[in-house]
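The chain contents come next:
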Amino acid sequence: MTLLAEIQQVLERTYSQAGINLEECVVGPQRFKQLSCLANTSNDLSFSARTFIRLSGENLFIAIYYSPELVRCLEQEHPHYGLSDRNIEALIAFVEEITHGVHAALAFQRGKLEVESELFCCQLEMQAKIDTYWLLIRFLYFLCEGKLFQKGKYWIFYTLFERENFDYIDRKLAHRYRLANHMASSFIKKVSSLAAEARVAQLRAFREMNFREQYRYCFYR
């Protein structure tokens, strides 16, 4: 099983079947350039990993791009054999795009995919942060043979949330990523002390909330 398929499988066990094989959605550099031009995306967005989502009639189209450098990093420093500052950022980027694809597909199934909505885009980014945190913890758990140390968990939290830079030229993007980061980190802190089954139940319940309910849960509960 590939790393991408493994991560998609974990996400689908947590939430629901996406009904799409994301391995078939991966595109190369040439197609990435074409899609970037068609989407007229901001230059502030990453050039190492990107997800493109498009609705056409009753059809959903998803494309995921990973730069050759990112792929090479994960091949040379495979996360199954270790997590370090050499591969953690590449793994974060890798996982976040998979979460975008899965949650876009799930939203599409429910008739709630609003590609042009800024709130929906913020929700996708927030969900990516939440899921990526727990997936990184999962990697660390298996690497440590079930013995998680607080130092390791803090390192993951720090890398994913506290080290992020919001110095974007596009103010809308800066606001989106900053808000998603703050909401996701608050959610993680609230559910970290829960037992595994209760935490998964809360993950599922949180995903079903609308944005206003999620905001209240993160900051007022």
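Since we're looking at a predicted model, the values are computed, not measured.

**Q** Any chance you could explain the packing of aromatic side chains here in plain terms?
**A** How two aromatic rings sit relative to each other is set out by the distance from centre to centre and by the angle between their planes. Taken as a whole and judged by the stated rule, the model has 16 aromatic pairs. Cluster of aromatic residues (ring-pair linked, three or more members): Phe32, Phe47, Phe52 and Tyr65. If you follow arginine 50 out to its NZ or CZ, it ends over the ring of phenylalanine 47, 5.6 Å from the centre. Looking at arginine 54, its charged tip hangs above the ring of phenylalanine 61, at a distance of 4.7 Å from the centre.

**Q** Sorry, what's going on with the packing of helix 5 (residues 118-143) against helix 7 (residues 171-191) here?
**A** For the pair helix 5 and helix 7, the least separation of the axes is 8 Å and the interaxial angle reads 45 degrees. It follows from the interaxial angle that helix 5 and helix 7 lie oblique. Note on packing geometry: the crossing formed by helix 5 with helix 7 is right-handed. Touching Glu118, Cys121, Cys122, Glu125, Met126, Lys129, Ile130, Tyr133 and Trp134 of helix 5 are Lys172, Arg176, Tyr177, Leu179, Ala180, Asn181, Met183, Ala184, Phe187, Ile188 and Val191, all from helix 7. When its residues are assigned to classes, the contact of helix 5 with helix 7 shows 14 nonpolar, one polar and five charged.

**Q** Any chance you could explain the confidence of the model for the chain here in plain terms?
**A** The predicted coordinates ought not to be read in detail in places where the model reports low pLDDT. In this model, the chain carries a mean pLDDT of 93, and residues with pLDDT of at least 70 account for 99%. Across the chain, the secondary-structure element scoring lowest on mean pLDDT is helix 2 (residues 29-39), at 90, and the one scoring highest is strand 1 (residues 26-27), at 98.

**Q** Explain the layout of surface pockets here, please?
**A** A water-sized probe, rolled over the atoms, reveals where empty space remains. The space that makes up the largest pocket amounts to roughly 1700 Å³. Broken down by element, the residue count for the lining of the largest pocket peaks at seven residues, all from helix 5. Looking at side-chain class alone, the lining of the largest pocket contains 24 nonpolar, ten polar and 16 charged residues. Empty space within the second largest pocket amounts to approximately 700 Å³. The set of elements that each furnish at least two residues to the lining of the second largest pocket consists of helix 1 (3-14), helix 5, helix 6 (150-162), helix 7 and helix 8 (196-208). Looking at which element gives the most residues to the lining of the second largest pocket, the answer is helix 5, with eight residues. Of the residues that constitute the lining of the second largest pocket, the class distribution is 16 nonpolar, three polar and six charged.

**Q** I'm lost on a nonpolar patch on the surface in this one. Help?
**A** Nonpolar side chains collect at one region of the surface, where Tyr141, Phe142 and Leu148 lie side by side and expose about 290 Å² of accessible area between them. With a relative accessible area of 31%, leucine 148 lands in the partly exposed category.

**Q** What is the right way to read the pattern of salt bridges from this model?
**A** Should their charged atoms come close, side chains of opposite charge can pair. As enumerated under the stated definition, the model contains eight salt bridges in all. Salt-bridge contacts for glutamate 96 lead to lysine 129; the nearest nitrogen and oxygen are separated by 3.9 Å. Of this pair, glutamate 96 sits in helix 4 (residues 88-109) while lysine 129 sits in helix 5, and the two are 33 residues apart along the sequence. Taking the relative accessible area as the measure of exposure, glutamate 96 reaches 13% and is therefore buried.

**Q** Looking at this structure, how should I read the sheet that holds strand 2 (residues 49-56)?
**A** Note: strands within a sheet are paired through backbone hydrogen bonds, in either parallel or antiparallel orientation. Taking strand neighbours across the sheet as the criterion, the three strands line up as 1-3-2 in an open arrangement whose pairing is mixed. The open sheet has two edge strands, strand 1 and strand 2, and neither has a second partner. Summarising the sheet, strand 2 and strand 3 (residues 59-66) pair through eight bridges and their orientation is antiparallel. Residue pairing for strand 3: serine 56 is matched across the bridge by asparagine 59. Packing against the sheet, helix 4 makes contact with strand 2 and strand 3, and its axis sits at approximately 180 degrees to strand 3.

**Q** How should I be thinking about the side chain of arginine 207 in this particular structure?
**A** For arginine 207, the location among the structural elements is in helix 8. At 2.7 Å, the side chain of arginine 207 forms a polar contact with the side chain of histidine 103. Other than its neighbours up to four places away in sequence, arginine 207 contacts Tyr15, His103, Leu106, Ala107, Arg110, Gln127 and Gln214.

**Q** I would appreciate a short explanation of helix 7 in the present structure.
**A** Think of an α-helix as turning once every 3.6 residues; residues three or four places apart then point the same way. With 21 residues, helix 7 ought to run about 30 Å at 1.5 Å a step, and its terminal C-alpha atoms sit 30 Å apart, in line with that. Backbone nitrogen of lysine 172 and a side-chain oxygen of the N-cap are separated by 2.9 Å at the start of helix 7; the cap is aspartate 170.

**Q** Teacher, can you tell me more about the pairing of strand 3 here?
**A** Of all eight residues in strand 3, six are buried, a share of seventy percent or more. Linking strand 2 to strand 3, which pair antiparallel, is a turn of two residues; within it glycine 57 sits at a positive phi near 65 degrees.

The rules behind these values
- Residues numbered from 1 in each chain as written.
- Predicted model: local features only at pLDDT ≥ 70, side-chain atom pairs only at ≥ 80, totals over all residues.
- Heavy atoms only, no water.
- Phe/Tyr/Trp six-rings, centres within 6.5 Å; stacked < 30°, edge-to-face > 60°.
- Lys NZ or Arg CZ within 6 Å of the ring centre and 35° of its normal.
- Axes fitted to C-alpha atoms, helices over the stretch in contact; angles between N-to-C directions.
- Helix = DSSP H or I, 4+ residues; strand = E, 2+ residues; numbered from the N terminus.
- Parallel < 35°, antiparallel > 145°, perpendicular 65-115°, else oblique.
- Left-handed = near helix turned anticlockwise from the far one by under 90°.
- Contact = heavy atoms within 4.5 Å.
- Nonpolar A, V, L, I, M, F, W, Y, C, P; charged D, E, K, R; others polar.
- pLDDT = per-residue confidence, 0-100.
- 1 Å grid on protein atoms, 1.4 Å probe; cavity = no way out; pocket = protein on both sides within 12 Å on 5 of 7 lines; lining within 4 Å.
- Points joined across faces, edges and corners; volume = space filled by probe spheres on them.
- Patch = residues over 30% accessible without salt bridge, like charges linked within 9 Å, V, L, I, M, F, W, Y side chains within 5 Å.
- Areas by Shrake-Rupley, 256 points an atom, 1.4 Å probe, with all protein chains shown as cover.
- Salt bridge = Lys/Arg side-chain N within 4 Å of Asp/Glu carboxyl O.
- Buried < 20%, exposed > 50% of the residue type's maximum accessible area, 1.4 Å probe, protein only.
- Pairing = 2+ DSSP bridges.
- Polar contact = N/O pair within 3.5 Å; in protein donor to acceptor, adjacent residues only side chain to side chain.
- Expected span 1.5 Å × (residues − 1).

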